[in-house]
Amino acid sequence: MTIAPWRDPALPAAARVDDLLSRMTLEEKTAQLYGVWVGAATDGDGVAPHQHDMTVEHSEEEWAELITRGLGQLTRSFGTAPVDPALGAQALARAQRRIAEAGRFGIPAVAHEECLAGFTAWQATAYPVPLAWGAAWDPPLVEEMARRIGEDLRSVGVHQGLAPVLDVVRDPRWGRVEETIGEDPYLVGTIGTAYVRGLEAAGVVATLKHFAGYASSAGARNLAPVRAGIREFADVTLPPFEMALREGGARSVMAAYNETDGVPASADPELLTRLLREEWGFTGTVVADYFGIGFLQTLHRVAGTPAEAAHAALAAGIDVELPTVKCYGQPLVDAVRAGQVAEELVDRAARRVLLQKCELGLLDADWTPEPDGPVALDSTGNRILARRLAEESVVLLDNPDGLLPLAPDTRIAVVGPRAADALAMLGCYSFPSHVLTHHPGVPAGIEIPTVLDALRTELPDAKVTFAQGCDVTDPDTAGFDEAIARTAEADVCVAVLGDRAGLFGRGTSGEGCDASDLGLPGVQGELLDALVATGVPVVLVLLTGRPYALGRWQGRLGAVVQAFFPGEEGGPAVAGVLSGRVNPSGRLPVSVPREPGGQPWTYLQPPLGLAGEVSNLDPTPLYAFGHGRSYTSFAWEDVTGGDTEIGTDGAYDLSVTVRNTGEREGAEVVQLYLHDPVASVTRPDVRLVGYRRVALSPGEAARVTFRFHTDLSAFTDRSGRRVVEPGALELRLAASSADVRHTAHLTLTGPVRVTGTGRRLRCETEVAEAG
């Protein structure tokens, strides 16, 4: 039997797609360029603002007619409403069969889902949020998590995951800080790349977002204009994306909502075509953020009609309109027919989409949508991994008098609005926080122990009492009296405070939940004052999506523990740190400020961004980027490397022996920072260029070697070139950005060197046993 060339798996993908395109009508080609959100609400009570403006509810007749042309994507079959995963997989398979049978070519859709902190589906594992990944400083563990997420997605017929977020935190008041990995581009890049590798290894298309600049919004307001300069954009915003593409192999990129200097990202060919494709060599698909193409008309007002918005986005380089068809459907077809849009732009995007479908096997004659085996989205293995990542991500900020670990038979008053609420563990893109709020009465679908329950399990001989004290945001202080009474009766108070994740003002953290300052939400700060005033030692436990200012309580607390929405196993992880079963090893991916105002601020500051005599405001954080304490101690010994000259295209090895000098197993995170004393443009005083997490038994030592290349000192000069300049450099081995243990002085010699796209992006490390 003769098969069409586009069906022949023996032919190159490009040849197959060229043959298929030559057979398709304009309507069939444009149908590959949009998704359909079958379960989306149009009554104004959906997930996001403007959703009801942009979403069209399709009748059965309209749906049946629509899919005769084919379909590019299916949007969130699992992430829109609580659906039993096994039944959902069957329903998705039936939908795919119907799509394939309806069109002339039998091509199914790409099914995509959110997977920011686990598959956003009912009964699926809720892992720690990305900010917690950053706090763990453990790329291999994040890669393993992402691979598991990818396997779960594939098990139910999903092909593309809308993650990871590679935005670098520029202002911690921004609501989506919880979705980011941290405030340093190297940390974001290395952890985000690990996630991409894991997801792609499972056969799922990873989607980098949000490209680019989204986190630099003015005033930390969601979707606000971005006014970043070209050097900030080039040296802070873009590197994580470049790393995740070059080293992670991500096959999709999501265009951001924001505008930068008046140009919306979704209509910017300089960003989406020249940089992304021509300079970086990206060959995958660019998808719109939800409704982002329509927003060119309705919010940005750079297009007057849906057809003009489609033209602008398509010309810039957006291949797929998500989540549903608005601009790339009939308005685009009519504009092409009228000669207003070149059909070559449609062909360009359709070719990219079909090439990706070919890679996924969706053009093969033997394609089948049925799952291979049983569906289990919250397996024992998943929960074990979620627990391990949660435990590694908990940061012990302070423990000045050794109050922690808690004695096993002590009297503990657990107080606070986050102590007994399972949702305190979850970020805004977890299914319970993201979707179930619209389905009251439906259970979470997964077991989520609270800190209170986990602490009682962890310390069965302790006498544990509880008082909520207050709500997260409600100003009512009526519960203070009971909280004070329970604390007065106890040996120690564990105050569990923090955020409630939500969307668009329905929480204190999450998309559209931006903060006016960095004071604890509601009256939680006043509650903490009242607890401290009892004279009973207070352990502050924070379950948050961003850092909050803690200078008000400096020196007044017995201990401070920070967890960033640690997922379904976060309660036992936090309780394990409090009991001592877990030796805390997390390190801050964001600075913790001293005062609630004076923002925005991250540690990546040039000299005039630091404290000085020119301003009465001191932005120095209370706890620095990279900070974290342990229940054991470490000695850093025998550093090799002194004053050295190398060329501007040279390399340098720096080694240190790290020894566990305490009485219990623990992990140290050895960090390498670069200080550039003099440059042709102002540079951050210090910036991270390498790190390695090292687990050591008592008395054990390891030799950690950083293989630094001068490419890592490159920056964008006044002409817009990325250069390595001759002159002095310092490499600083440190336990945080503010805790330097050893410094190596380098002198770079030779001419200014312009680096290309093949430059080294990471500092390779080696760990060997040491005596």
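Residues numbered from 1 in each chain as written. Predicted model: local features only at pLDDT ≥ 70, side-chain atom pairs only at ≥ 80, totals over all residues. Heavy atoms only, no water.

Draft legend 1. Just the overall build of the protein, in detail. Of the regular secondary structure elements, the protein holds 21 helices and 27 strands. Computed over C-alpha atoms, the radius of gyration of the protein comes to 26 Å, within 12% of the 28 Å expected from 2.2 N^0.38 for 771 residues, which places it in the range of a compact globule. When the backbone C-alpha atoms are referred to their principal axes, the protein occupies close to 75 × 70 × 50 Å. Per-residue burial for the protein yields a buried fraction of 62% across its 771 residues. Intrachain contacts of the protein at a sequence separation of at least 6 include 79% that bridge at least 24 residues. As displayed, the protein offers around 26,900 Å² of accessible surface, 49% of which is attributable to carbon and sulfur atoms. A gap of 2 Å separates the mean positions of the 66 positive and 101 negative side-chain charges of the protein. (Helix = DSSP H or I, 4+ residues; strand = E, 2+ residues; numbered from the N terminus. Rg over C-alpha atoms; globule rule 2.2 N^0.38 Å. Buried < 20%, exposed > 50% of the residue type's maximum accessible area, 1.4 Å probe, protein only. Contact = heavy atoms within 4.5 Å. Areas by Shrake-Rupley, 256 points an atom, 1.4 Å probe, with all protein chains shown as cover. Lys, Arg positive; Asp, Glu negative; His and termini not counted. Charge placed at Lys NZ, Arg CZ, Asp CG, Glu CD.)

Draft legend 2. Up close: the packing of aromatic side chains. Applying the stated criterion to the full structure yields 17 aromatic pairs. Each ring, one from tryptophan 137 and one from tyrosine 691, has its centre 5.1 Å from the other, and the planes form 85°; the classification is edge-to-face. Taken together, the positions of tryptophan 137 in the loop between α6 (130-136) and α7 (139-155) and tyrosine 691 in strand β20 (residues 687-696) put the pair 554 residues apart, joining distant regions of the chain. The class for tryptophan 137 is buried, based on a relative accessible area of 0%. You can call tyrosine 691 buried: its relative accessible area is 8%. On the basis of an interplanar angle of 75° and a centroid distance of 6.3 Å, the ring pair of tyrosine 290 and phenylalanine 291 is categorised as edge-to-face. Both residues of the pair, tyrosine 290 and phenylalanine 291, count as buried. Among the aromatic residues, those joined into a ring-pair cluster are Trp37, Trp174, Tyr214, Tyr257, Tyr290, Phe291 and Phe295. The ring of tryptophan 636 has arginine 741 lying over it, and the distance from NZ or CZ to the ring centre is 4.9 Å. (Phe/Tyr/Trp six-rings, centres within 6.5 Å; stacked < 30°, edge-to-face > 60°. Lys NZ or Arg CZ within 6 Å of the ring centre and 35° of its normal.)

Draft legend 3. Looking closely at the sheet that holds strand β23 (residues 722-724). Taken together, the 3 strands give an open sheet; going across it, the order is β22-β23-β26, and neighbouring strands pair in antiparallel fashion. A strand with exactly one partner marks an edge of an open sheet, and here the two such strands are β22 (715-716) and β26 (753-754). In this structure, β22 lies alongside β23, joined through 2 bridges in antiparallel fashion. Across the sheet, the residue bridging to threonine 716 is arginine 722, located in β23. (Pairing = 2+ DSSP bridges.)

Draft legend 4. Fine view of the side chain of threonine 80. By the element assignment, threonine 80 lies in the loop between β2 (73-75) and α5 (85-102). There is a polar contact of 2.7 Å between the side chain of threonine 80 and the side chain of tryptophan 37. There is a polar contact of 2.8 Å between the side chain of threonine 80 and the backbone oxygen of arginine 76. (Polar contact = N/O pair within 3.5 Å; in protein donor to acceptor, adjacent residues only side chain to side chain.)

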